[in-house]
Amino acid sequence: MNSFAERSAPSAIQDKDMLELQRSQLKHDQLFHPDILALRVHERTVHYVLHFAKYSGRLIEAELSRDFDTARLVTVDAIIISLAFCNMFNIKAYMPAKAGSTRQDFGTLIKQFAICSGRMAKTAESIDHLEALNFRVDLEGQIGDMLKVIGQISSALSLDVSSAVIARLDEVEKKSIFYPINSR
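Residues numbered from 1 in each chain as written. Predicted model: local features only at pLDDT ≥ 70, side-chain atom pairs only at ≥ 80, totals over all residues. Heavy atoms only, no water.

1. A short note on the overall build of the chain
When its secondary structure is counted, the chain shows 7 helices and 0 strands. Scanning the chain from its N terminus toward the C terminus, one meets helices and strands in the order α-α-α-α-α-α-α. Burial analysis of the chain (184 residues in total) assigns 45% to the buried set. Residue pairs in contact within the chain that sit at least 24 positions apart in sequence constitute 81% of those at least 6 positions apart. Carbon and sulfur atoms make up 54% of the accessible area of the chain, which amounts to about 9,400 Å² in all. (Helix = DSSP H or I, 4+ residues; strand = E, 2+ residues; numbered from the N terminus. Buried < 20%, exposed > 50% of the residue type's maximum accessible area, 1.4 Å probe, protein only. Contact = heavy atoms within 4.5 Å. Areas by Shrake-Rupley, 256 points an atom, 1.4 Å probe, with all protein chains shown as cover.)

Right, dumping it as structure tokens:
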């Protein structure tokens, strides 16, 4: 499996913007989620995979009810967790977009999201069973696949990724007793 960072298709957002979002996410986690950063890599992997599983269900619910506002919010949360996942492995996030994605294929996209989530869960579980695998290579490829699907979902939902991610991080930070902290 090739690392997703090596692919050369156009990105849903500029690479420099993705790297800036990764930095913002890292600072956010350092200030507002030190409990998660204190987890061992395997525990953090499971934590993030559980987020993706939760988002799979919420995206399916949003699609069934045609609630695209919820779908946008969940997609932004999935981007944020993807950034945290990439930061954990010290890899550059890359989110390609599929030109022409529409709401008609939204159902297919969320099924692909669920498939990616399931594959990541299988890798995390395989570590527990000491199965022969290269978990880092597998997870790098899987997060790349996840970001590809998230890019397509973002495009289908006409999501302004950078603005939406920063707004969501601010929303979460405002819940903290330590807010305001200049995390960006």
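So, next bit.
2. What about the nonpolar core?
Of all hydrophobic cores here, the largest spans 46 residues; its most connected members are Phe113, Ile143, Ile153 and Val165. Within the residue set of this core, elements represented by two or more residues are helix 1 (15–32), helix 3 (41–65), helix 4 (68–88), helix 5 (106–128), helix 6 (135–156) and helix 7 (161–173). Here the element with the most residues in this core is helix 4; it accounts for 13 residues. Sequence-distant contacts of valine 165, that is, excluding residues within four places in its chain, are made with Leu21, Val76, Ile79, Ile80 and Leu83. (Core = buried A, V, L, I, M, F, W, Y, C linked by side-chain atoms within 4.5 Å.)

3. Topic: the pattern of salt bridges
Evaluated as defined, the whole model comprises 8 salt bridges. Among the salt bridges present, the one from glutamate 43 reaches arginine 40, with a minimum N-O distance of 3.1 Å. (Salt bridge = Lys/Arg side-chain N within 4 Å of Asp/Glu carboxyl O.)

4. Remarks on the packing of helix 4 against helix 7
Where helix 4 contacts helix 7, the two axes come as close as 10 Å, and the packing angle between them is 85 degrees. Judged by the angle between their axes, helix 4 and helix 7 are roughly perpendicular. Contact residues: Leu73, Val76, Asp77, Ile79, Ile80 and Leu83 in helix 4; Val161, Ala164, Val165, Arg168 and Leu169 in helix 7. A class-by-class count of the residues in the contact of helix 4 with helix 7 yields 9 nonpolar, no polar and 2 charged. (Axes fitted to C-alpha atoms, helices over the stretch in contact; angles between N-to-C directions. Parallel < 35°, antiparallel > 145°, perpendicular 65-115°, else oblique. Nonpolar A, V, L, I, M, F, W, Y, C, P; charged D, E, K, R; others polar.)

5. With respect to the packing of helix 3 against helix 4
How two helices sit against one another is set out by the angle between their axes and by the gap between those axes. It is at 10 Å that the axes of helix 3 and helix 4 come closest, and there the two elements cross at 165 degrees. When the axes of helix 3 and helix 4 are compared, the pair comes out roughly antiparallel. Along this stretch, helix 3 crosses helix 4, giving a crossing that reads as left-handed. Together, Val41, Arg44, Thr45, Tyr48, His51, Phe52, Tyr55, Arg58, Leu59 and Ala62 of helix 3 and Thr70, Ala71, Val74, Thr75, Asp77, Ala78, Ile81, Ser82, Ala84, Phe85 and Met88 of helix 4 make up the contact between the two elements. Its residues assigned to classes, the contact of helix 3 with helix 4 shows 13 nonpolar, 5 polar and 3 charged. (Left-handed = near helix turned anticlockwise from the far one by under 90°.)

6. What about the environment of leucine 83?
Along the chain, the position of leucine 83 falls in helix 4. The residues contacting leucine 83, other than those within four sequence positions of it, are Met18, Leu21, Gln22, Gln25, Ala93 and Val165.

7. Side note on the confidence of the model for the chain
Looking at the chain, pLDDT values average 87 and 86% of them are 70 or higher. Low pLDDT, under 50, characterises residues 1–11; the stretch is placed with 27 contacts to residues that sit more than four places away or in other chains. (pLDDT = per-residue confidence, 0-100.)

8. Remarks on unusual backbone geometry
Positive phi, close to 60 degrees, is recorded for arginine 66, a residue that is not glycine. If you trace the backbone, arginine 66 turns up in the loop between helix 3 and helix 4. We classify arginine 66 as partly exposed; its relative accessible area is 47%. Even without being glycine, leucine 130 reaches a positive phi, approximately 55 degrees. Tracing the backbone shows leucine 130 in the loop between helix 5 and helix 6.

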